[in-house]
Amino acid sequence: QGQLRESGGGLVQAGGSLRLSCAASGRTFSSYAMAWFRQAPGKERGFVAGISPFGGSTNYADSVKGRFTISRDNAENTVYLQMNSLKPEDTAVYYCAAHRLLERPRPNDCDYWGQGTQVTVSS
């Protein structure tokens, strides 16, 4: 049974940076596409960024394009989300997820989820 665990969240001022990590265990996820989602209070969980199984293709929500970068290290079974130029509206719980789709996933398309890590951006 595979597990995902996020880390790296915290409190940062607007304009700052954070790097989130998602460590996989229990199985290898190199055959899965991976994605980051986020959920702010009172809002639905939404797609942030995705990466193909071997890292050759990435895609981003328009709201984070140019500021966030997703990457993965299959040897370490870890996925990263580098977040730069953070804004208060980026405040949310960030989740990583694994899925088998070729296109951008919806939450219901994902097979594995982490427990989430809180990111708070102060103005």
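Here the residue numbering is sequential within each chain, running from 1 through the sequence in written order. Reporting of local features is limited, given that this is a predicted model, to residues whose pLDDT is at least 70; pairs of side-chain atoms are given and counted only at 80 or more, and all residues count toward the totals for whole chains, interfaces and linings. Each side-chain value is worked out from all heavy atoms of the structure, with water and hydrogens disregarded.

### Some points on the pattern of salt bridges
Move 1: A side-chain nitrogen of Lys or Arg and a carboxyl oxygen of Asp or Glu constitute a salt bridge if their distance falls within 4 Å. The tally for this structure, following the rule as stated, stands at four salt bridges.
Move 2: For R38, the salt bridge is made with D90, and the minimal N-O distance between the two is 2.9 Å. Note that R38 is positioned in strand 4 (residues 33-39) and D90 in the loop between strand 8 (78-83) and strand 9 (92-99), a separation of 52 residues in sequence. Judged on exposure class, the residue R38 and its partner D90 are both buried.
Move 3: Residue K65 is joined to D62 by a salt bridge in which the shortest nitrogen-to-oxygen separation is 3.1 Å.
Move 4: Only protein chains enter the accessibility calculation, which uses a 1.4 Å probe. A residue is then buried if its area is under 20% of the maximum for its type, exposed if over 50%, and partly exposed in between. What makes D62 exposed here is its relative accessible area of 66%.
Move 5: Each of the salt bridges in this network shares a partner with another, and the network as a whole consists of R38, R67 and D90. By definition, any uninterrupted DSSP run of H or I lasting at least four residues is a helix, any uninterrupted run of E lasting at least two residues is a strand, and each is numbered from the N terminus.

### Describing the sheet that holds strand 7 (residues 68-73)
Move 1: Pairing is antiparallel across the open sheet formed by four strands, whose spatial order is 1-3-8-7. Of all the strands in the sheet, the pair left with one neighbour each is strand 1 (3-7) and strand 7. With strand direction ignored, the average angle separating the axes of adjacent strands in the sheet is 15°. Strands were regarded as paired on the criterion that DSSP finds at least two bridges between them. In this analysis, axes come from line fits to C-alpha atoms, helices being fitted only over the stretch in contact, and the angle between any two N-to-C directions falls in the range 0 to 180 degrees.

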